[in-house]
Amino acid sequence: MLDKFGDSLKKSFRKIAGLGVVDKEAVELVVRDLQRAMLQADVDVELVSGLSDSIKKKIIGAKPPTGLTLKEYFVKTLYDEIVEFLGKEKGEIALKPQRVLLIGLFGSGKTSTAGKLSKWLQTKGLKPALVACDTHRAAAQEQLKQVGKKAKVNVYWEGKKPEDIARNALKKAKEEVLIFDSAGRDALDKVLAKELKSMGKVIKPDEVLLVIPADLGQAARKQAEEFNKLVGITGIIVTKLDGTAKGGGALAAASVSEAEVKFIGTGEGIGDFQVYDPRRFVGKLIGYGDIQGLLEKAKEIGIKPEEAKKILEGEFTLNEFFEQIKSMQKMGSLSKVMDMVPGVPGLKIPKGFMDVQEEKMKKWSHIINSMTPQEKREPDTIKASRIKRISKGAGVSDGDVRELLKYYKQVKKVIKLTKGGKGLKRGPLARFAKQFGFGMEA
Ligand SMILES: Nc1nc2c(ncn2[C@@H]2O[C@H](COP(=O)(O)OP(=O)(O)OP(=O)(O)O)[C@@H](O)[C@H]2O)c(=O)[nH]1
Ligand SMILES: [Mg+2]
């Protein structure tokens, strides 16, 4: 999705990383790259110029906040500014039974989006149903019935005119999120405006979502504003972000219109749909991982992101290792954390790999306490005689000490191997894991 745009943005960030000094010239160089990327994505020229000025004003001659180098501050500012530029808030709709009306021009993706949205609502524990109010195009109702079948939701279609169909659906529906599919037109002309208005009177929608295809680029702004003025919208869904280089332009345009983007469509499949979270979206786009998520998670449980990163890269002492297992247990799935670490995409550790029983954790804690600082730092130097001393001190068996050391070494190896993309389901590592009773389902 938006590969080219993402690549160009990535380049800007990489350029900052490679800077010797962050002076005026360097900032202007990066900003020029960013401008090029934005213009190629069909972002409005004036908006691009506004963004550039804002970044320059914040960075050139700035004193970074304590704890950040100027370079880090530059990266952070650039990231924040792009996020702000492409959207600001995370899109949301109330998770309760309600009425959602989808509107938009011909072929923008209303009917497919009705299916995607109903699928998404089901994952939130709600019961959606579709209402086939497109009586304009011959096969439209049939198409929605198919969509309903795929999403496994009820479809209301009885009636002649859109208003009748809506009325009948409202009579029958109970505790459902009703998604009303409407007819498209070539343009937002009087006929369409009238039809949507009279539907609106019957439906009294909680949400009126305008469906806009991303290939509109900067023209999305005008369309959003026109629809908003004539019929009133509560949000925008940008579809087809997978198939165009102009997605950046469409998102930037939508974000300066009065309505916010709530969802995005990223493919023809029913699951190619997500809440639009600009921070996450930009993070993914520039390959930043979900830094925000990681920082927050880490803050919650009181571990530093650098520490988490260390273990994820396979560089840690026995002490850190132990602390990390404890933290990871609190943090939940290790692979989830890994997904969030910048530059380590898609690292998959089998579920349960870091689940050590509490009893064992207690033993290991005693063992580690009986070690010298040097032994904790370099567990590989611990040989038979030291094992004896440690086990005695900890009140455990030699086998317990050996088990901990073995586990430590293996996890380190597993993490390094996984980083290399090798599988964990088969081979000696899997056998090892089984031996310790870890779940190995990926
Ligand atoms: N690649 C891609 N295709 C999409 C996406 N959303 C919709 N489409 C395709 O766009 C075409 C039109 O989608 P529809 O859902 O029928 O659009 P519509 O707005 O209901 O069209 P009308 O009812 O004729 O106004 C279909 O071929 C969809 O599969 C998307 O996010 N990505
Ligand atoms: Mg349709």
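Conventions we followed
Residues numbered from 1 in each chain as written. Chains lettered and ligands numbered in written order. Predicted model: local features only at pLDDT ≥ 70, side-chain atom pairs only at ≥ 80, totals over all residues. Heavy atoms only, no water. Helix = DSSP H or I, 4+ residues; strand = E, 2+ residues; numbered from the N terminus. Buried < 20%, exposed > 50% of the residue type's maximum accessible area, 1.4 Å probe, protein only. Contact = heavy atoms within 4.5 Å. Areas by Shrake-Rupley, 256 points an atom, 1.4 Å probe, with all protein chains shown as cover. Near = heavy atom within 4 Å. Polar contact = N/O pair within 3.5 Å; in protein donor to acceptor, adjacent residues only side chain to side chain. Nonpolar A, V, L, I, M, F, W, Y, C, P; charged D, E, K, R; others polar. Salt bridge = Lys/Arg side-chain N within 4 Å of Asp/Glu carboxyl O. Axes fitted to C-alpha atoms, helices over the stretch in contact; angles between N-to-C directions. Parallel < 35°, antiparallel > 145°, perpendicular 65-115°, else oblique. Left-handed = near helix turned anticlockwise from the far one by under 90°. pLDDT = per-residue confidence, 0-100. Phe/Tyr/Trp six-rings, centres within 6.5 Å; stacked < 30°, edge-to-face > 60°. Lys NZ or Arg CZ within 6 Å of the ring centre and 35° of its normal.

**Q** An account of the overall build of the protein is requested, with residue identities and associated values reported.
**A** Scanning the protein for helices and strands turns up 20 helices and eight strands. Across the 442 residues in the protein, those meeting the buried criterion constitute 50%. Counting only contacts in the protein whose residues sit at least 6 apart along the sequence, the fraction spanning at least 24 positions is 73%. Entry remark: accessible area of the protein is about 22000 Å², with carbon and sulfur atoms responsible for 51%.

**Q** Break down the site of ligand 1 for me, with residues and values.
**A** In the region of ligand 1, 20 residues are neighbours, and Lys 110, Thr 111, Ser 112, Asp 242 and Glu 268 sit closest. Contacts to ligand 1 include Arg 137, whose side-chain N or O atom sits 3.0 Å from an oxygen atom. One nitrogen or oxygen atom from the side chain of Asp 242 is found 2.7 Å from a nitrogen atom belonging to ligand 1. Protein burial of ligand 1: of its 640 Å² of free accessible surface, 80% is covered by the chains. In terms of residue count, the dominant contributor to the shell around ligand 1 is helix α5 (residues 110-123) (four residues). Looking at the shell around ligand 1, its residues break down into two nonpolar, eleven polar and seven charged.

**Q** Break down the pattern of salt bridges for me, with residues and values.
**A** This model, assessed by the stated rule, comprises 18 salt bridges. The salt bridge partner of Glu 176 is Lys 127, with a shortest N-O separation of 3.5 Å. Highlighted residues: Glu 176 in the loop between α7 (162-172) and β4 (177-181) and Lys 127 in the loop between α5 and β2 (128-132), separated in sequence by 49 residues. Judged by relative accessible area, which is 9%, Glu 176 ranks as buried. Look at the salt bridges and you will find they share partners, linking Lys 76, Asp 80 and Arg 279 into a network.

**Q** So what's going on with the packing of α5 against helix α6 (residues 140-151)? Residues and values would help.
**A** At a minimum axis separation of 9 Å, α5 and α6 run at an interaxial angle of 25 degrees. Taken together, α5 and α6 sit at an angle that is classed as roughly parallel. Crossing hand, α5 versus α6: right-handed. For the pair α5 and α6, the contacting residues are Thr 111, Ala 114, Gly 115, Ser 118 and Gln 122 in the first and Gln 143, Leu 144, Val 147 and Ala 151 in the second. Residues belonging to the contact of α5 with α6 are distributed by class as follows: four nonpolar, five polar and no charged.

**Q** Which residues make up the confidence of the model for the protein, and what values go with them?
**A** Mean pLDDT over the protein stands at 83; residues scoring 70 or higher make up 79%. This model gives residues 290-303 a pLDDT under 50, and the stretch forms 24 contacts once residues within four places in sequence are excluded. Confidence drops under a pLDDT of 50 for residues 331-337, and excluding neighbours within four residues, the segment shows 13 contacts in the predicted structure.

**Q** I'd love a proper account of the packing of aromatic side chains, names of residues and values included.
**A** For the structure on display, the rule yields four aromatic pairs. Geometrically, the ring pair formed by Trp 120 and Phe 263 is edge-to-face, given 5.1 Å between the ring centres and 75 degrees between the ring planes. Placement of the pair is Trp 120 in helix α5 and Phe 263 in strand β7 (residues 261-265), with a sequence separation of 143 residues. For the pair formed by Trp 120 and Phe 263, the shared burial category is buried. Between Phe 263 and Phe 273, the ring centres sit 5.0 Å apart and the planes meet at 15 degrees, which makes this aromatic pair stacked. Of this pair, Phe 263 sits in strand β7 while Phe 273 sits in strand β8 (residues 273-275), and the two are ten residues apart along the sequence. Comparing Phe 263 with Phe 273 shows no difference in burial state: the two are buried. Here a set of aromatic residues connected by ring pairs shows up, and it is made of Trp 120, Phe 263 and Phe 273. A cation over an aromatic ring shows up here: Lys 145 above the ring of Trp 157, its NZ or CZ 4.0 Å from the ring centre.

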